[in-house]
Amino acid sequence: MSRRAVPPPSVSDPFALAAERFHHDVNRALGGEPRGTILLAVSGGPDSMAMLTLAAATFAGRISVATVDHRLREAAADEAVMVANHCALLHVPHATLLPVAPITGASLQAAARQVRYRLLADHARAVGAAAVATAHHADDQAETFLMRAARGSGIAGLAGVRARAVIDGATVIRPLLEWRRAELRAIVRRAEAPFVDDPTNADPAHDRTRFRRLLDANEWLGAPQLARAAAQLAEADGDVRAITDWLWSSRATVDGAQVQIDMAGLPRELVRRLVRRGIGLVIESAAIVAPKWSDSANVEALLDAVGGGRRATQAGVVVQPQRDLWRFRPAPARRTAGSAE
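Treat the numbers as computed from the prediction; the structure is a model and nothing was measured.

(A) Region of the structure containing the overall build of the chain. A count of helices and strands for the chain gives 11 helices and 11 strands. Dimensions of the chain, computed from C-alpha atoms along their principal axes, come out at roughly 75 × 45 × 45 Å. For the chain, buried positions account for 44% of its 341 residues. Considering only contacts within the chain whose residues lie at least 6 apart along the sequence, 65% involve residues at least 24 apart. Summed over all atoms, the accessible surface of the chain reaches about 18,500 Å², with 53% contributed by carbon and sulfur. Taking the average location of the 42 positive side-chain charges in the chain and that of its 36 negative ones, the two points are 5 Å from each other.

(B) Broad picture of the side chain of Asp 237. Relative to the helices and strands, Asp 237 is located in helix α9 (residues 223–251). Using a relative accessible area of 0% as the deciding quantity, one classes Asp 237 as buried. In terms of polar contacts, Asp 237 uses its side chain to reach the side chain of Arg 273, at 2.6 Å. The contact partners of Asp 237, leaving out residues within four places of it in the chain, are Ile 155, Ala 156, Arg 162 and Arg 273.

(C) A look at the UniProt feature "domain: tRNA(Ile)-lysidine/2-thiocytidine synthase N-terminal" (unreviewed entry) in the chain. The positions that UniProt labels "domain: tRNA(Ile)-lysidine/2-thiocytidine synthase N-terminal" (unreviewed entry) are, in the present scheme, residues 38–213. The span residues 38–213 carries 48% helix and 15% strand; its end-to-end C-alpha distance comes to 33 Å.

(D) Focus on the environment of Gly 280. Tracing the sequence through the fold places Gly 280 in helix α10 (residues 268–286). Under the relative-accessibility criterion, Gly 280 is labelled buried at 18%. Taking the C-alpha atoms as reference points, Gly 280 and Ser 294, 14 residues apart in sequence, are found 8.1 Å from one another.

(E) Region of interest: helix α5 (residues 138–150). When the terminal C-alpha atoms of α5 are compared, their 18 Å separation across 13 residues agrees well with the 18 Å that a helix rising 1.5 Å per residue should span. Of all 13 residues in α5, 10 are buried, a share of seventy percent or more. Of the residues making up α5, those classed as buried are Ala 138, Asp 139, Asp 140, Gln 141, Ala 142, Glu 143, Thr 144, Phe 145, Leu 146 and Met 147. Looking at the buried positions of α5, the neighbouring elements they touch are α6 (155–158), α7 (181–191), α8 (207–217) and α9. Immediately downstream of α5, the backbone of Gly 152 shows phi near 75 degrees, a positive value.

(F) Quick look at the environment of Asp 245. Following the sequence through the fold, Asp 245 ends up in helix α9. Asp 245 sits 28 residues away from Arg 273 along the chain, and the two C-alpha atoms are 9.7 Å apart.

(G) Main features of the UniProt feature "binding site: ATP" (unreviewed entry) in the chain. Following the UniProt record, the feature "binding site: ATP" (unreviewed entry) maps to Ser 43, Gly 44, Gly 45, Pro 46, Asp 47 and Ser 48 here. You can see Pro 46 is positioned in helix α2 (residues 46–58). Residues within four places of Pro 46 in sequence aside, it is in contact with Leu 184, Arg 185, Val 188, Phe 195, Val 196 and Asp 197. In this fold, Asp 47 is placed in helix α2. Overall, the relative accessible area of 18% leaves Asp 47 in the buried class. Non-local contacts of Asp 47, meaning those with residues more than four positions away in its chain, are made with Ala 135, His 137, Leu 176, Arg 181 and Leu 184.

(H) Quick peek at the side chain of Glu 33. Tracing the backbone through its elements, the reader meets Glu 33 in the loop between α1 (14–30) and β1 (37–41). Within the local environment of Glu 33, its side chain forms a polar contact with the side chain of Arg 62, the two groups lying 3.2 Å apart.

(I) View of the sheet that holds strand β6 (residues 170–173). The strand order across the open sheet built from six strands is β3-β2-β1-β4-β6-β5, with neighbouring strands paired in mixed fashion. Each having just a single partner strand, β3 (94–97) and β5 (164–167) make up the two edges of the open sheet. For this sheet, the mean angle separating the axes of adjacent strands, direction not counted, is 30 degrees. Summarising the sheet, strand β4 (residues 129–133) and β6 pair through two bridges and their orientation is parallel. Note that in β6 the partner of Ala 133 across the bridge is Ile 173.

(J) Just the pattern of salt bridges, in detail. The full count for this structure, using the stated rule, is 24 salt bridges. Across the pair Arg 180 and Asp 139 runs a salt bridge whose closest N-O atoms are separated by 2.9 Å. Within this pair, whereas Arg 180 is found in the loop between β6 and α7, its partner Asp 139 is found in helix α5, the two being separated by 41 residues in sequence. With relative accessibility at 7%, the residue Asp 139 sits in the buried group. Of the charged contacts in the structure, one is a salt bridge between Arg 151 and Asp 207, with a shortest N-O distance of 3.2 Å. Taken together, the residues Arg 151 in the loop between α5 and α6 and Asp 207 in helix α8 connect sequence positions 56 residues apart. Take Asp 207: its relative accessible area is 31%, and that puts it in the partly exposed class.

What counts, and at which threshold
Residues numbered from 1 in each chain as written. Predicted model: local features only at pLDDT ≥ 70, side-chain atom pairs only at ≥ 80, totals over all residues. Heavy atoms only, no water. Helix = DSSP H or I, 4+ residues; strand = E, 2+ residues; numbered from the N terminus. Buried < 20%, exposed > 50% of the residue type's maximum accessible area, 1.4 Å probe, protein only. Contact = heavy atoms within 4.5 Å. Areas by Shrake-Rupley, 256 points an atom, 1.4 Å probe, with all protein chains shown as cover. Lys, Arg positive; Asp, Glu negative; His and termini not counted. Charge placed at Lys NZ, Arg CZ, Asp CG, Glu CD. Polar contact = N/O pair within 3.5 Å; in protein donor to acceptor, adjacent residues only side chain to side chain. UniProt positions renumbered as here; feature names shortened; annotations may be inferred. Expected span 1.5 Å × (residues − 1). Pairing = 2+ DSSP bridges. Axes fitted to C-alpha atoms, helices over the stretch in contact; angles between N-to-C directions. Salt bridge = Lys/Arg side-chain N within 4 Å of Asp/Glu carboxyl O.

Written out as structure tokens, the structure is:
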């Protein structure tokens, strides 16, 4: 029998209604009551502080909090202290997580995201948390949808942030994907919980900021509707992934760092996904480190070439068609001047 964390809400108590809704959304993301501690990722912004406020009331004694200081802004250390102090008032365990090395790269936001999830996953394992919860909400989802649509993303990209995912070996849930930014801010204001607005969220140098302004200035775009479209695409993507898994088990043959796949009669989307999986497996098996490869890499030119009967190479992997059978293997090493014949 599941345990109710909050009593039935009164219609006259908005916070009790919000807490009951949050309880339902967490359980829906997990597939049932939490079987252990939930680690909340709390930055100190209004969204994550609202999540902390709701979780402290709804899952008392079953939450822990972590704040990641990426060491990219001086104020981040003070924000982590603010979260820690508020957690102490709520009697909730808190930890500040720091990267072991400076975060660098062409896209600091992307690099920071990778570091953040790695730190959260490691800490979740250290404290025995069943899942990590982040405060992504409907407005975030709408922004992500528009950003990826502008880049020409396919189903997987347009599906945006998933309600549940496994990242760096940890289960990550997003229970606030149907909540609006404004209602989360209202929750922390009514609770008189402290929060800070990250100045980078208003920096027009970031793509997300520009799309956020676009949504704010054009209410007709409808953030909830865009978020709902992303959720429906996530369901479709899950179905296509299941079909791809079945096709891989029945049509792919793996021999060390070589793969062959029967592509007969398959639509382009399924061929695209099988090709990416084949390339990724060869890269992993052959320990190919360059050129850089991503599961979301554009493989359209390769599909056109191999589909037309021509051999093609991508990310250090050669794909050779023999009618409907596509063979994947590591590309031969390039000869350099003075190398032995």
